[in-house]
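Structure at a glance
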Amino acid sequence: MGNLCSLFTPPKPVKKKRPITKRQSSSTGSGPNSNRWNWVRSSSSRRDNNKFEDAVIQEHALAAAAVLFRQQNGGGSLPFDRSASQRYPGSKKNQLPRSSSSRSRSSTDPLLQPHQFLNQGIKLDDLESNHFVLIHGGGFGAWCWYKTIALLEEDGFKVTAIDLAGCGINSFDINGIASLSQYVKPLTDILEKLPIGEKVILVGHDFGGACISYAMELFSSKISKAVFLAAAMLTNGESTLDMFSMQAGQNDLMRKAQIFIYTNGNENPPTAIDLDKSLLRDLLFNQSPSKDIALASVSMRSIPFAPVLEKLSLSDAKYGSVRRYYIETLEDNAIPMTLQENMINSSPPEKVYRLKGADHAPFFSKPQALHKLLLEIARISPT
């Protein structure tokens, strides 16, 4: 970071007395350094911009990792250091704050600050819940929500992103997970410790949909709303494997990407599932930025197999009492639209939203649009 200032040093002006023909001839010269010098001059500005962008992303990623680590060890949700963007040369006090996204904000971005809630006649304290609990999907971890965490916290919301057992920085052996209750224990521990009368908004992605469904049955009185984001929204007596079997033969890419792990020997059922990293882009991230794909490729872990097999026990009195919302991802290759529609028709939620241009990881491919929908859901008044 100490060398960051040098990125903004303006290039030395070209002396007028230097003949133009000399520079032109260097691009076609036969010397070993001529093409290299021409390439360096033409790309120096672009590399400087890329270095600055990488530095910003790295700092916010480190901030996200620090927050998530503290959540795991201290049990609380800590805000990001919003002063980070102000430390870069050239920043101004009246600039909009940066999010964890690599793209600079503009004044036209749909970002609502806490005072803007007041201007709309809405106060965070007046909402049924201003606390989001984010549950990742199979193979992911709390790290995947870093953009969503930043955007929601900028609006004044409390955000808790959880690493389920054996995921992210959770050290539990993924091959030793024998039940769904064991897998979701980090979530149920948090819900169990909530003060009486406090409610949260659960957001489950992918296999996280089955996880929040399990929690809804146990802690329905502590959950204001449940958001299924390209997620497994199951019915009573159904397992996640049952849900995926509905598209058997239709998703060849998913079948090719799956790698079963047999820690207890090939004569016993698999203990976990891996995904072929060479197919991650096509399967999960076909609309996501390359830098987020790189983050996922070094951060994703195996998916425990036993919880995928477990059939849920869901009742109308408990699970059915929680208001449900589904967010469809229209460019999803992992849970295609036909499968998402089947789940919605089998167990209709209160409202269905659509994210155009979103792949299976909308927190990467459409973070601003996802943020806007989460705000809209949070503002829905209690019935």
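See the structure above.
Only a predicted model underlies this, so the values are computations on that prediction, with no experimental measurement involved.

1. Points about the sheet that holds strand β5 (residues 258-261)
Spatial ordering of the open sheet is given by β5-β6-β7, a layout of 3 strands whose pairing is antiparallel. Each edge of the open sheet is held by one strand with a lone partner, namely β5 and β7 (303-304). Strand direction decides the pairing type here: strand β6 (residues 272-275) and β7, joined by 2 bridges, are antiparallel. Bridging from a neighbouring strand, Ile273 pairs with Ile303 of β7.

2. Structural notes on the pattern of salt bridges
In this structure the tally under the stated criterion is 11 salt bridges. The residue Glu350 makes a salt bridge to Arg323 at a minimum N-O spacing of 2.6 Å. Taken together, the positions of Glu350 in the loop between α13 (337-346) and β9 (351-355) and Arg323 in strand β8 (residues 323-329) put the pair 27 residues apart, joining distant regions of the chain. On the accessibility criterion, Glu350 (43% relative accessible area) is partly exposed. Two residues, Arg354 and Glu328, come together in a salt bridge whose shortest N-O distance is 2.7 Å. One end of the pair, Arg354, is in strand β9; the other, Glu328, is in strand β8, with 26 residues separating them in the sequence.

3. Side note on the pairing of strand β1 (residues 131-135)
Successive side chains on a regular strand alternate, one facing one side of the sheet and the next facing the other. Along β1, 5 of the 5 residues are buried, which leaves the element largely enclosed by surrounding structure. The alternating pattern of β1 places His131, Val133 and Ile135 and Phe132 and Leu134 on opposite faces, both of which are buried. Bridge analysis of β1 against strand β2 (residues 158-162) gives 5 bridges, and the strand direction is parallel. Pairing of Ile135 across the sheet is with Ile162, part of β2. At this point the chain moves from β1, through helix α4 (residues 146-154), to the parallel β2, and the crossover so formed is right-handed. As paired elements, β1 and strand β3 (residues 200-205) share 4 bridges and run parallel to each other. In the sheet register, Phe132 faces β3, and the bridge partner there is Ile201.

4. A short note on the packing of helix α6 (residues 185-192) against helix α7 (residues 208-218)
Relative orientation of the contacting elements α6 and α7 amounts to 35 degrees, with a least axis distance of 10 Å. α6 and α7 meet at a crossing whose hand is right-handed. Between α6, through Leu187, Thr188 and Leu191, and α7, the contact on the second element is made entirely by Cys211, Tyr214, Ala215 and Leu218. Considering only residue class, the contact of α6 with α7 consists of 6 nonpolar, 1 polar and no charged.

5. Description of the environment of Ser221
Its place among the elements puts Ser221 in the loop between α7 and β4 (223-229). You can call Ser221 exposed: its relative accessible area is 56%. Linking Ser221 and Lys199, residues 22 residues apart in sequence, is a C-alpha distance of 7.6 Å.

6. Side note on the packing of aromatic side chains
A complete count under the given rule lists 11 aromatic pairs for this structure. Taking 5.8 Å as the distance between ring centres and 80 degrees as the angle between the ring planes, the aromatic pair formed by Phe140 and Phe363 counts as edge-to-face. A residue pair is termed long-range when its members are at least 10 positions apart, and Phe140 in the loop between β1 and α4 and Phe363 in helix α14 (residues 362-365) qualify at 223 residues. For Phe140, a relative accessible area of 2% corresponds to the buried category.

Parameters and conventions
- Residues numbered from 1 in each chain as written.
- Predicted model: local features only at pLDDT ≥ 70, side-chain atom pairs only at ≥ 80, totals over all residues.
- Heavy atoms only, no water.
- Pairing = 2+ DSSP bridges.
- Helix = DSSP H or I, 4+ residues; strand = E, 2+ residues; numbered from the N terminus.
- Salt bridge = Lys/Arg side-chain N within 4 Å of Asp/Glu carboxyl O.
- Buried < 20%, exposed > 50% of the residue type's maximum accessible area, 1.4 Å probe, protein only.
- Right-handed = clockwise from strand over helix to strand, strands pointing away.
- Axes fitted to C-alpha atoms, helices over the stretch in contact; angles between N-to-C directions.
- Left-handed = near helix turned anticlockwise from the far one by under 90°.
- Contact = heavy atoms within 4.5 Å.
- Nonpolar A, V, L, I, M, F, W, Y, C, P; charged D, E, K, R; others polar.
- Phe/Tyr/Trp six-rings, centres within 6.5 Å; stacked < 30°, edge-to-face > 60°.

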